[in-house]
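The lines below spell out each chain.
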Amino acid sequence: MYNFFKTRLRSSVLFIFLLGITFSQSVVAQEIIAVKTKSNALVLQVNEQKEVNTIYLGEKLKNDTEYSAISQQFSQGNDYTTIYNSSYTPAGSKNLLEPAINVTHSDGNTSLSLNYVSHKTTNIDNDISLTEIVLKDPVYNFEVTLFIKAFFNEDVIEQWTQIVNKEKGDVVLHKYASANLYFTGNNDFWLNQYHGDWAKEMKPEETHLTHGIKVLDSKLGTRANLFQPSVFMISLGKPASEDEGKVIFAGLEWSGNFRTDLEVDPLNNLRIISGINNFSSDYTLAENESLTTPKFWYTLSNEGKGKASRNLHDWGRKYKILDGNGSRLTLLNNWETTSFDFNEPKLKSLIGDAKELGVDLFLLDDGWFGNSYPRNGDNAGLGDWQINKKKLPNGIGTLIETAVENDVKFGIWIEPEMVNPDSDLYHEHPEWVIKQPERPEHYFRNQLVLDLSNPKVQDFVYNVVDDLFTKNPDLSYIKWDCNAVIYNAYAKHLKNKQSQLSVDYVKGLYAVLKRIRNKYPTVPMMLCSGGGGRVDYGALQYFTEFWPSDNTDPLERIYMQWEYSYFYPSVSISNHVTNWGKQPIKFKTDVAMMGKLGFDIVLDELNNDELKFCQEAIKSYNLLKNTIWQGTQFHLQDPWKNDAASLIFVDEKQNEAVMFTYLVNNRYGAGTTNPIVLKGLDSSKTYKVEEINIYPGTEAAVVTKEYSGDFLMKVGVNPNVNQYHTSIVLKITTVK
Ligand code: GLA
């Protein structure tokens, strides 16, 4: 088979060559659509049959005129080989490959053909361009517009589609992907994907992609990322390292079921089709209705994984994460210390602790609501968002007053999409609950999911938030949780359109979040889903940060935070110091400082040195946080391959940097026996390297000294991490 295709390919190329000018001229005359970013180009071509194919996705050519020569390198007019690279593969006509779109027309016909109609590119600003390519079935009044949004400086592209039914009658969509990419020119593709579970998020696995289709997907509904997030990496040619190799990072901006098909085709090229998971999700479009699919984002780096991550950080902060270039609040949370067991005096004392510690905000977690069914455990009360009168007889107003008196802000936990069967809401509105009428209820953490496809439920969820802010104008922060998946998917409101539930749920969720953001545009909100069960760039446009995992053991967190940090900037990654793990408080704090720092500990349980250490660390963090959040991140030493993990954040002007190094190996003699070579500094500047976060009563492990940037980036510095100094934070500043 392989040889057959190889031979056909070679003879076709020869054929084009022999036919010479006539044939190639007709190819040249066909429309080329080249979308370019700073380093890369995505090139589509309209062929003689008016099909739009992807002919190149890779590093930009030096000479623009040569894009038109690309298609001549493919075999043309061959029954088999011209169909792999469709830019949006329709099902049921001549294409027998995994489709991007599959429909049944209003007359029952199941074939689709999509021909080029027109295209245009609009420059939105100096950085962003939007290319729209209109495709239409030649027989049916059915249209698809491909959208390609290019972020020039960040080297990021977003692709999505709008599917429009102009037929007289319903069209059923069986598959409706966002993007259909094609990578040629490399015979080897290495997939780095992630798997996990509660408290085990972001475990990487790298595999060589073999022929056929590898599917990454989720069918969990709400907490869609619990077992697998939609983010992945593909190295082209050979596995990329931190600073070398061609690699694409990608993911879907969608907080629900997703599906990505990675198909190595018989020509050894890679087809990537990604979008909403079509599993059990036929979507009906009535006449003149349309569906806009979620955005699939990707960045292509020709300089390894580090560059791809920095592209994403810049893009995420600038365009995706709410207030991505802004500031964040350090906090003290009570979940790990009190769980559901608290009352007004206890919380007031914790608010005092927040002040003593020196953080910006106190965050009241789960357990503050429910009266008929008090929320004293995770088995009751969800849905009844009235303040529990027994625990908090004077409401939360008095807590907020105490916070204001202590000069700290006040935030609160909610999980408004959910309901416990033991709640007033469940009894008052059984029709709002997602459950199969003919099946016994099946619970995840003793709860069920409310049907957000129903506008009445959307109003309810919106009002939970709006009431909190209306009654408590000084409320400054929300932690929005989502702890259950969707079992027994059935929504009464959707009647005979049950297969639309997973899509309409997410649309409903986004509609609520949009309403909240219209009224409360800037209030910080943490995106949580029993940890990292719902982290994606679709949701993050409404949130300022996310909770990566309930697992806060700092050793575990080093690995998780490391992996998250490939895809998301540190300003969005919340890390708390808790009682998880037996490591000293310094190690825990140093690990949490590589993102957005928080605490969830009892101050009374700290000795004087521990407390002093935390207070000083927060002060240092406040001075350096802008560099950590907004600076450029470089991974220096990989925890999976070394005794220690090390990374550095460098501010834009290259005047200040913060380097974190953590021991991850407990074995005898483990540590940084060699210098670690720094990255991102200015080689012509002189820097002072100084250890911070030194535990009271101990000596610094690193002697303060001045070095040239050249030295630090060629020889490096040894942070002296070992069994006695398990974590070291270095502040690196230019000498004036
Ligand atoms: C989830 C969150 C935790 C905490 C609990 C409260 O598990 O991930 O941080 O808020 O819910 O029930």
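Computed from a predicted model, the values in this text were never measured in an experiment.

Some words on the packing of aromatic side chains
Stage number 1. As enumerated under the stated definition, the model contains 38 aromatic pairs in all.
Stage number 2. Measuring from ring centre to ring centre gives 6.3 Å for phenylalanine 587 and tyrosine 662, while their planes differ by 75°; the resulting arrangement is edge-to-face. Of this pair, phenylalanine 587 sits in helix 11 (residues 585-592) while tyrosine 662 sits in strand 32 (residues 656-663); the two residues are 75 residues apart in sequence, bridging distant segments of the chain.
Stage number 3. Exposure remark for tyrosine 662: the relative accessible area of 0% places this residue in the buried category.
Stage number 4. The structure contains a cluster of three or more aromatic residues connected by ring pairs, namely Phe151, Tyr194, Phe249, Trp297, Trp315, Tyr319, Tyr537, Phe546, Tyr564, Tyr566, Phe567 and Tyr568.
Stage number 5. Looking at arginine 515, its charged tip hangs above the ring of tyrosine 462, at a distance of 4.1 Å from the centre.
Stage number 6. The aromatic ring of tyrosine 707 is capped on one face by lysine 705, whose charged end is 5.5 Å from the ring centroid.

A word on the site of the ligand
Stage number 1. Close contacts around the ligand come from 13 residues, with Asp365, Asp366, Lys479, Asp481 and Asp550 the closest.
Stage number 2. Glycine 531 is positioned with one of its backbone polar atoms (N or O) 3.3 Å from an oxygen atom of the ligand.
Stage number 3. Calculation on the ligand without its partners gives an accessible area of 310 Å², and the protein chains cover 97% of this total.
Stage number 4. For the shell around the ligand, the residue count by class is four nonpolar, three polar and six charged.

Comments concerning the nonpolar core
Where a protein is soluble and globular, its nonpolar side chains tend to be buried together.
Stage number 1. Counting 181 residues, the largest nonpolar core has Trp368, Trp480 and Phe567 as its most contacted members.
Stage number 2. Not counting residues up to four positions away in its chain, the partners in contact with phenylalanine 567 are Tyr194, Met202, Val231, Phe232, Met233, Phe249, Trp297, Leu312 and Tyr537.
Stage number 3. Counting 23 residues, the second-largest nonpolar core is a separate cluster that includes Ile648, Leu663, Leu678 and Ile732.

Considering the sheet that holds strand 32
Stage number 1. With respect to topology, six strands assemble into an open sheet ordered 30-31-32-35-33-34, the strand pairing being antiparallel. At either end of the open sheet lies a strand with only one pairing partner, and these are strand 30 (632-637) and strand 34 (705-708). With direction set aside, neighbouring strand axes in the sheet form an average angle of 25°.
Stage number 2. Bridge analysis of strand 32 against strand 35 (residues 727-734) gives seven bridges, and the strand direction is antiparallel. The partner of threonine 661 across the bridge, within strand 35, is isoleucine 728.
Stage number 3. Across the sheet, helix 10 (residues 554-567) is in contact with strand 30, strand 31 (644-650) and strand 32; its angle to strand 30 comes to roughly 130°.

Re helix 6 (residues 397-405)
Stage number 1. Within helix 6 the residues assigned to the buried category are Thr398, Leu399, Ile400, Thr402 and Ala403.
Stage number 2. Here the buried face of helix 6 lies against helix 5 (344-357), strand 21 (361-364), strand 22 (409-414) and strand 25 (475-480).
Stage number 3. Looking at the residues trailing helix 6, positive phi occurs at aspartate 407, about 65°.

Section: the pairing of strand 33 (residues 686-692)
Looking along a regular strand, one sees side chains alternate from face to face of the sheet.
Stage number 1. By the bridge criterion, four bridges tie strand 33 to strand 34 in an arrangement that is antiparallel. Each bridged residue has a counterpart across the sheet, and for valine 689 the counterpart in strand 34 is lysine 705.
Stage number 2. Where strand 33 meets strand 35, six bridges bridge the pair, whose relative direction is antiparallel. When the sheet's bridge partners are listed, valine 689 is paired in strand 35 with isoleucine 732.

Cut-offs and rules
- Every chain is numbered on its own, with residues counted from 1 as its sequence reads.
- For this predicted model, a pLDDT threshold of at least 70 governs which residues receive local features, and a threshold of 80 or more governs which side-chain atom pairs are given and counted, while totals over whole chains, interfaces and linings are taken from all residues.
- As a convention, hydrogens and water are excluded, and side-chain values are obtained from all of the structure's heavy atoms.
- Note on aromatic contacts: the rings of Phe and Tyr and the six-membered ring of Trp form a pair at centre separations within 6.5 Å, being stacked when their planes are under 30 degrees apart, edge-to-face when over 60 apart, and tilted otherwise.
- Only DSSP runs of H or I reaching four residues or more are called helices, and only runs of E reaching two or more are called strands; each is numbered from the N terminus.
- Burial classes follow relative accessibility: with a 1.4 Å probe on protein chains only, a residue under 20% of its type's maximum area counts as buried, one over 50% as exposed, and anything between as partly exposed.
- Counted as over-ring charges are cases with an Arg CZ or a Lys NZ within 6 Å of the ring centre that also lie within 35 degrees of the ring normal.
- Here a residue is near a molecule or strand as soon as one of its heavy atoms is found within 4 Å of it.
- Between N or O atoms, a polar contact is any pair within 3.5 Å; within protein, one atom must be a potential hydrogen donor and the other a potential acceptor, and residues adjacent in sequence are included only when both atoms are from side chains.
- Methods summary: accessible areas were calculated by the Shrake-Rupley approach with a probe of 1.4 Å, and residue burial reflects only the protein chains presented.
- Gly is put with the polar residues, along with every residue not named as nonpolar or charged; the nonpolar set is Ala, Val, Leu, Ile, Met, Phe, Trp, Tyr, Cys and Pro, and the charged set is Asp, Glu, Lys and Arg.
- Residue types Ala, Val, Leu, Ile, Met, Phe, Trp, Tyr and Cys, when buried and joined through side-chain atoms within 4.5 Å, form a set referred to as a nonpolar core.
- Should any heavy atoms of two residues lie within 4.5 Å, those residues are considered in contact.
- Should DSSP find at least two bridges between two strands, the strands are regarded as paired.
- Orientation is described by axes fitted as lines to C-alpha atoms, over the contacting stretch for helices, and by angles from 0 to 180 degrees between their N-to-C directions.

So, to be careful, I would describe these as geometric facts and stop short of saying anything about function.
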